[in-house]
Amino acid sequence: MSIKQASFFESVQRNFDKAAVHINHPKGLLDQIKTCNAVYQMQFPVKIGNSYQVIEAYRVQHSHHRLPTKGGIRFSHMVNQDEVMALAALMTYKCAIVDVPFGGAKGGVKISPRSYRPEELERITRRYTVELLRKNFIGPSVDVPAPDYGTGEREMAWILDTYATFKGGEIDAVGCVTGKPVAQNGISGRTEATGRGVYYGLRELCNDAKIMKSIGLTPGIAGKTAVIQGLGNVGSYTGTIAQEEGDMVVVGVSEMEGTIYNPKGINVKDLIEFRKKTGSIIGFPGSKELKGKQDWIKIECDILIPAALESTINAENASMVKAKIIGEAANGPVTADAEAILLEKGVIIVPDMFLNAGGVTVSYFEWLKNLSHIRFGRMDKRFNQNTYGNIMSSVEKLTGKSMSTQEKNMITRGADEIDLVRSGLEETMVNSFNQIIEVYNKKKRVHDLRTAAFICALDKVAADYLTLGVFP
Ligand code: GLU
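In this text the structure is predicted, and so the values were computed from the model without any measurement.

Cut-offs used in this document
Residues numbered from 1 in each chain as written. Predicted model: local features only at pLDDT ≥ 70, side-chain atom pairs only at ≥ 80, totals over all residues. Heavy atoms only, no water. Core = buried A, V, L, I, M, F, W, Y, C linked by side-chain atoms within 4.5 Å. Buried < 20%, exposed > 50% of the residue type's maximum accessible area, 1.4 Å probe, protein only. Helix = DSSP H or I, 4+ residues; strand = E, 2+ residues; numbered from the N terminus. Contact = heavy atoms within 4.5 Å. Axes fitted to C-alpha atoms, helices over the stretch in contact; angles between N-to-C directions. Parallel < 35°, antiparallel > 145°, perpendicular 65-115°, else oblique. Left-handed = near helix turned anticlockwise from the far one by under 90°. Nonpolar A, V, L, I, M, F, W, Y, C, P; charged D, E, K, R; others polar. Near = heavy atom within 4 Å. Areas by Shrake-Rupley, 256 points an atom, 1.4 Å probe, with all protein chains shown as cover.

Undergrad: I'd love a proper account of the nonpolar core, names of residues and values included.
TA: Counting 95 residues, the largest nonpolar core has Ile33, Tyr93, Leu205 and Ile325 as the members making the most contacts within it. The biggest single contributor to this core is helix α3 (residues 81–97), with 12 residues. Excluding residues within four positions of it along the chain, isoleucine 33 makes contact with Phe16, His62, Tyr93, Leu458, Val461, Ala462 and Tyr465. Counting residues in hydrophobic clusters, the runner-up holds 29 residues, among them Ala38, Leu133, Trp158 and Val174.

Undergrad: So what's going on with the packing of helix α1 (residues 8–20) against helix α2 (residues 27–34)? Which residues, and what values?
TA: Relative orientation of the contacting elements α1 and α2 amounts to 150 degrees, with a least axis distance of 11 Å. Compared by their axis directions, α1 and α2 come out roughly antiparallel. Of the two possible hands of crossing, α1 and α2 adopt the one that is right-handed. Between α1, through Phe9, Gln13, Phe16, Asp17 and Ala20, and α2, the contact on the second element is made entirely by Leu30, Ile33 and Lys34. When the residues that make up the contact of α1 with α2 are grouped by side-chain class, the tally is five nonpolar, one polar and two charged.

Undergrad: Now, about the site of the ligand: what can you tell me, with residues and values included?
TA: For the ligand, the set of nearby residues contains 14 residues, the closest of which are Lys70, Lys94, Pro147, Asp148 and Ser363. Bound to the protein, the ligand loses 95% of the 300 Å² it would expose on its own. Counting residues per element, the ones that place at least two in the shell around the ligand are β3 (69–75), α3, β5 (143–147) and α13 (358–372). When its residues are assigned to classes, the shell around the ligand shows four nonpolar, five polar and five charged.

Here it is in structure tokens:
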């Protein structure tokens, strides 16, 4: 028997309500935060081959408490208004949690990108951008899109070019979109940012001795076994970085074509190469294929990482989860119904609005770079390098010992843009984790990390509204 499941937006609203009972803000203020401030649904014609296709698309600005609003654009045949509203709402909470000063937004274009040629996708993207422009739904101080499921830096470059064509004289025009190619006013480290943030978030969780003890695990991410569902941008970087920098062991990977398993570990980088060559993860050396559609969810492991789309873990399959931790790399992969079942089982869920916030965090750095018209590190790299060099020489003189050139270069190196981006991202994820854990540990009646994260977010958004004087 199939169970009637809550819609994605209803799921987000239910989680909101669950957190709202723990905080003390006027009902009107909470209602204002909860609702979507502006929903723009559009239909536009695009010439595909010899005929015209009417494309359905959306941009939802969930909260105007801070401007610009911010959030990705999704290309998927599953796009609908409820989904875009849910994703926009999550962006508001996500930005608040990681102290990125934006309101939340999201865009969606209802197409299967694989069914179109690049020049057709370009036409669709450019026309969508024009529709946004017509209603003042895009601009560096208004609403700043970014990549999401089905889009990447190529689409962001088309968006910027279309925007700049219309707003040529605008000095900050390049800040109208983030996730651009580095050569076109993007920032180093944006592509890996979401996956890298997921790694930092999981590492912090695994370092929390109290939480690890509560689920019968020892502290530290090294040696923890994980299953990754979805090998897109987020899943691939999460896997490779967690493996290379954290010694996490990926024992299972699931993609559209099926699931593979190897208890000894799957090298994610090699697997990505293998899939590029063969078009599938199935048959990857050393791994075994699991044939059941839901088999990925049943694999025995410490951390299950859904990194694809929403609602993959739902009321129908939640009871099959064997993992002790679920790391929500995707947006909304666990429905509110599933969450109730999982919490009952004692599973720790690391919520999306914190765990995958690395993408928007580095988008914020890119936007800052665009507005300041200068690359991070340009002013201070050499100065720092010279200062460290002088310190080194003094130490050598004082001690009478000298270091090898290799050691010297390592110690005196000034930071490049990528170093600063990674450092800013790590600082952000660690700080936010600590804020969430503080609420989790302090509030006696809060028993899950999502509610704790929501409380952090709602308090910050509410404080902004109060400062604005909207709710005296
Ligand atoms: N689409 C990403 C997300 O869901 C990134 C948004 C952004 O960088 O604005 O967080």
